[in-house]
Structure formats: structure tokens, C-alpha cells
Amino acid sequence: MELIVARNREELVKARRSGTVALVPTMGALHEGHRSLIRLARVRADQVVVSIFVNPLQFGPNEDFSRYPRTFDADLDVCRAEGVDVVFHPSAEEMYAPDRQVSVSAGEMGRIVEGAARPGHFDGVLTVVLKLFNLVQPDLAVFGQKDAQQLALIRRMVADLDLPIEILGAPTVREPDGLAMSSRNRYLSDEDRQVALTLSRALRAGAARLTPAEIRAEARKVLDEAGPALDVDYLALVDPATFVEVGDDYEGLAVLAVAARVGTTRLIDNVTLTLNPRTTTPA
Ligand code: AMP
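The shown structure was predicted, so the numbers you read here are calculated from the model rather than taken from an experiment. Numbering of residues starts from 1 in every chain and runs along the sequence as written. Where local features are concerned, this predicted model is filtered to residues with pLDDT of at least 70; where side-chain atom pairs are given and counted, the filter is 80 or more; whole-chain, interface and lining totals use all residues. With hydrogens and water set aside, each side-chain value is computed from the structure's full complement of heavy atoms.

(A) Just the nonpolar core, in detail. Joining through side-chain atoms within 4.5 Å is the link that ties buried Ala, Val, Leu, Ile, Met, Phe, Trp, Tyr and Cys residues into a set, and such a set is a nonpolar core. A 1.4 Å probe rolled over the protein chains alone gives each residue an accessible area, and that area as a share of the maximum for its type sets the label: buried under 20%, exposed over 50%, partly exposed in between. Membership of the largest hydrophobic core comes to 46 residues, with the highest contact counts inside it found for Phe88, Phe133 and Ile167. The biggest single contributor to this core is helix H6 (residues 121–136), with 10 residues. Contact definition: two residues touch when any of their heavy atoms are within 4.5 Å. If sequence neighbours within four positions are ignored, Phe133 has contacts with Leu23, Pro138, Ala141, Phe143, Ile154, Met157, Val158, Leu163, Ile165 and Ile167. Each helix corresponds to a stretch of at least 4 residues labelled H or I by DSSP, and each strand to a stretch of at least 2 residues labelled E; elements are numbered beginning at the N terminus.

(B) Layout of the site of the ligand. It suffices for a single heavy atom of a residue to lie within 4 Å of a molecule or strand for the residue to be listed as near it. If you check the shell around the ligand, you find 17 residues, and the closest are His34, Gly144, Asp147, Val173 and Met181. Polar contacts here mean pairs of N or O atoms no more than 3.5 Å apart (in protein, one a potential hydrogen donor and the other a potential acceptor; neighbouring residues in sequence count only if both atoms are side-chain atoms). Residue Asp147 places a side-chain N or O atom 2.6 Å away from an oxygen atom belonging to the ligand. Sorting the residues of the shell around the ligand by element identifies strand S2 (21–26), helix H2 (32–44) and strand S5 (140–144) as the ones contributing at least two each. With 3 residues, the top contributor of residues to the shell around the ligand is H2. Residues of the shell around the ligand, tallied by class, amount to 8 nonpolar, 7 polar and 2 charged. The classification used treats Ala, Val, Leu, Ile, Met, Phe, Trp, Tyr, Cys and Pro as nonpolar, Asp, Glu, Lys and Arg as charged, and all other residues, Gly among them, as polar.

(C) Up close: helix H7 (residues 148–160). Over its 13 residues, H7 runs 18 Å from end to end, which matches the ideal 18 Å to within 8%, given 1.5 Å per residue. On the buried face of H7, the contacting elements are helix H5 (114–117), H6, S5, strand S6 (166–170), strand S8 (252–262) and strand S9 (265–275). Once H7 ends, the next one or two residues include Asp162, with phi positive near 55°. Multiplying 1.5 Å by the residue count of a helix minus one yields the expected span of that helix.

Encoded structure:
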């Protein structure tokens with residue numbers, strides 16, 4: 001089947017076939033991480049829609065909206081190679097009326113951890129994701145664990161607003177050296193890239209420890225070893241569903257998450273662990 005590019009609601013409706021639909025929302029500059037989401041979508045639904053939209057609402061005034069990589073033609077090649085049925089690629093004008101008023105609030109959960117570092121970011125994410133859900137009307141949607149708080153908030157939105165959509169989380173795809181794949185990695189110089197490896201190294205070191213205090217201390221130690229070249233925003237050990245910091249007696253799944261700037265590039269990463277009073281193992 002020929003790949004269809006839809007740029008508005010009418011074109012989406014025309015492209016719609018019978019059967020189940022999976023949506024994979026992206027901002028483009030597609031890499032192996034995105035491909036893994038698309039593959040999961042393909043095995044789970046009859047028709048796969050990939051949205052490619054750099055959402056202005058989720059960028060702060062001093063963030064990288066204007067320099068975010070835009071590689072639409074290469075993205076179409078990736079989508080063709082992965083057997084995507086429809087690419088939804090709206091303009092900002094198509095998505096946001098100049099007189100728009102109503103948006104989604106991510107609540108308190110959108111103001112902690114990553115949300116504390118990026119005020120308004122998750123409101124912008126949830127607003128665009130709800131709009132994409134309404135436009136595409138998928139049966140299921142796939143998101144990466146790489147953006148663990150985003151995934152948790154989308155599950156929260158689906159529960160709180162009664163959206164009839166199944167949410168699938170997909171594991172983080174990494175480079176062979178451990179660096180989590182990201183559209184922003186292309187901005188890293190060779191030197192930056194070596195520093196950037198500290199994030200995944202710190203998470204692995206933390207995950208090898210047993211108690212929350214030890215996990216935090218060990219990961220922090222590795223981050224500190226990178227010196228001033230790594231500007232750490234936060235290191236957090238949180239409940240994966242709420243993103244609230246876990247206490248020392250916490251048992252069950254936890255997410256160890258980190259955000260840091262390397263040069264002018266901001267990177268995030270996380271790992272999931274199982275905590276219990278006796279043992280801690282990487283999930
Ligand atoms: P983005 O284009 O960065 O907004 O990401 C679109 C989707 O791809 C989100 O659900 C991300 O969590 C997911 N994603 C980004 N990087 C990775 C990765 N390295 N592994 C798995 N999923 C990813």
C-alpha cells in the first residue's frame with residue numbers, strides 16, 4: 001500500500017480504512033526508537049498512523065523549538081520502510097486557531113520532576129495528544145518509556161477523561177554504548193557524546209544498588225564524576241505511576257530518572273527498577 005500523507009481532518013477521514021487503528025505520535029527526526037514504536041503498532045493494529053508535528057505548545061520560550069530537527073523527507077522514507085499507512089503532518093495553523101482558549105492541564109503531576117524543570121511542558125503535551133486522539137480516533141496509541149513521565153501522564157489523562165484508547169508503553173532503544181536514542185543526539189559533538197554517556201552509566205550504577213538512599217547516592221556519584229561539563233537538572237527515584245519520590249520503605253516498581261544539559265543540548269533518560277526490602281534488580 002502507498003503511504004498516505006494527511007495534513008488535516010478531511011484527509012485523515014479519507015485515508016481511514018476499516019479495522020483497528022494505532023497512532024504513534026512523534027515530532028519527527030525519526031530514529032530507531034520511533035521505529036520500535038511503529039513496529040509495535042503494526043503488530044497490534046490493522047492500520048498505523050504516525051503523526052509528525054513539532055508542537056510549539058510544549059516548548060518553553062527559551063527552549064529549542066526553532067532549532068528542533070525537521071527532516072520530513074527522511075521521515076517519510078522511514079515510514080515507508082516500516083509499512084506505515086498514514087503520516088499525519090498538520091501545520092501549526094491547522095492545529096491551533098489564533099483565538100483558541102481551552103487546553104488540558106496536567107495538574108500537580110505535570111509540575112513535578114521534569115515538569116518543574118519545564119513549566120507548562122506537560123500541559124502542552126497533553127493538549128496536543130488529546131487533539132491528535134480526537135483527530136485520528138485511534139483504538140490504541142504507542143508511547144516510549146524514554147519519556148516516562150509523559151507516558152504516566154498520558155495514562156492519567158486517559159483514565160481521568162475516560163478516553164476509549166489503549167495506551168502501550170515501549171522500552172527505550174539505546175545506542176550500543178548505552179546512550180538513549182533521541183532526535184536531539186545529533187547536536188552532540190564527539191566530546192559532548194562522551195559526557196552524555198554519563199546519564200545511562202549513572203542509571204545503571206544506581207540500579208545495581210539495593211535501597212533508595214543507596215541508589216540515589218550511587219547514581220549521583222557517577223553524575224558528579226563528569227564535572228562541570230554535565231549540568232544536572234534533576235536525579236529522581238519515583239513511583240512510575242505518580243512520579244512522586246519514593247521513601248526508603250517503598251516496595252515495587254520505581255523509575256530512576258535523570259535530566260541534564262551537555263553543552264546546549266538537554267537530555268533525559270530513565271530506568272525502571274523493582275524495589276523491595278531485600279533485593280533490587282533491573283526490570
Ligand atoms: P519524540 O519524537 O521525541 O516526541 O518522541 C515520540 C515518541 O517516541 C515518544 O513516545 C517517545 O517516548 C518515543 N521515543 C523517543 N525516543 C525513544 C527511544 N530511544 N526509545 C523508545 N522510544 C522513544
